[in-house]
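# Fold and contact review
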Amino acid sequence: MQKRLVLDQTQINITISRFCYQLIENHDDFDNTVLLGLQPRGSLVLDRIIDRMKEISPASIPFGYLDATFHRDDFRRREMPLRANETRIDFLIENKKVVLVDDVLYKGRSVRAAMDAMIAFGRPQKVELMVLIDRKYTRDFPIKPDYFGRQVNTLESQYVSVEWKSQGFEEDAIWITEKAPKK
């Protein structure tokens, strides 16, 4: 299976730092901003952002993890039932600026579901989207990121794989691979 490296560990670290500085620039003291990581993979990106923010800014940023499994439009159309992840949000988002964080933006279905799921915590003033990888030209919904690490042109036959050292990989890396053919 052929793999093409999109971002290596150094580039991911630079991207995370850039995200932090963009957030500081756009949200100042974060008095009206919250960050939500989309479970399961967006929470891994958010954890890195929060760790880096603690190093560079004294601001206290409310953050949480949002699971949108039961809000997906394909929830009942799968052969195997989806496993839900934990939603951990201990604040309201009413009239707040919300930054949704995920690893890869592909069809837009997860983001659409996340917007439905977060309404349980209030009506946000504004919603922004931050992703490591923006797969251009693949949307089912008119959704685009406000912050992205890299935009890539991919085919339907390809998959973007995000590997984290904390999950047992040699190092953090993002790859484009060919999907296994369906039998």
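For the structure, check the block above.
The paragraphs below set out a description of the structure included in this document. In this text the structure is predicted, and so the values were computed from the model without any measurement.

## Details of the sheet that holds strand β2 (residues 33-38)
- What the five strands build is an open sheet, ordered β3-β2-β4-β5-β6; its pairing is parallel. Each having just a single partner strand, β3 (63-66) and β6 (147-153) make up the two edges of the open sheet. Each strand axis lies, on average, 25° off the axis of its neighbour in the sheet, ignoring direction.
- Note: β2 against β3, four bridges, orientation parallel. Along β3, the bridge assignment pairs G37 with Y65.

## Focus: helix α1 (residues 9-27)
- Over its 19 residues, α1 runs 27 Å from end to end, which matches the ideal 27 Å to within 8%, given 1.5 Å per residue.
- Among the residues of α1, those classed as buried are I12, T15, I16, S17, F19, C20, L23 and H27.
- Between the side-chain oxygen at the start of α1 and the backbone nitrogen of T10 there is a gap of 3.2 Å, and the oxygen is on D8.
- Looking at the residues trailing α1, positive phi occurs at D28, about 50°.

## Here's the deal with the pattern of salt bridges
- Per the stated rule, a full pass over the model turns up ten salt bridges.
- Residues K3 and E163 are paired through a salt bridge, measuring 3.6 Å at the closest nitrogen-oxygen approach. With K3 in strand β1 (residues 3-7) and E163 in strand β7 (residues 158-163), this pair connects stretches of sequence that are 160 residues apart.
- By relative accessible area, which is 41% here, K3 ends up partly exposed.

## Let's talk about the nonpolar core
- Of all hydrophobic cores here, the largest spans 30 residues; its most connected members are L23, L35, I49, M130, L132, I133 and I174.
- Elements with a minimum of two residues in this core: β1, α1, α2 (41-56), β4 (97-105), β5 (126-136), β6, β7 and β8 (173-178).
- With six residues, the top contributor of residues to this core is α2.
- The residues touching I174, leaving out its near neighbours within four places in the chain, are R4, L5, V6, L7, I12, L132, I133, V160, S161 and V162.

## Thoughts on the sheet that holds β7
- Spatial strand order, β1-β8-β7: three strands in an open sheet with antiparallel pairing. For this open sheet the edge positions go to β1 and β7, each flanked by a neighbour on one side alone. For this sheet, the mean inter-axis angle between neighbouring strands, taken without regard to orientation, is 30°.
- Judged from the six bridges that link them, β7 and β8 form a sheet pairing that is antiparallel. In the sheet register, V160 faces β8, and the bridge partner there is I176.
- Most of the contacts of α1 go to β1, to which it runs at about 35°, and overall it touches β1 and β8.

Reading the values: the criteria
- Residues numbered from 1 in each chain as written.
- Predicted model: local features only at pLDDT ≥ 70, side-chain atom pairs only at ≥ 80, totals over all residues.
- Heavy atoms only, no water.
- Pairing = 2+ DSSP bridges.
- Helix = DSSP H or I, 4+ residues; strand = E, 2+ residues; numbered from the N terminus.
- Axes fitted to C-alpha atoms, helices over the stretch in contact; angles between N-to-C directions.
- Expected span 1.5 Å × (residues − 1).
- Buried < 20%, exposed > 50% of the residue type's maximum accessible area, 1.4 Å probe, protein only.
- Polar contact = N/O pair within 3.5 Å; in protein donor to acceptor, adjacent residues only side chain to side chain.
- Salt bridge = Lys/Arg side-chain N within 4 Å of Asp/Glu carboxyl O.
- Core = buried A, V, L, I, M, F, W, Y, C linked by side-chain atoms within 4.5 Å.
- Contact = heavy atoms within 4.5 Å.

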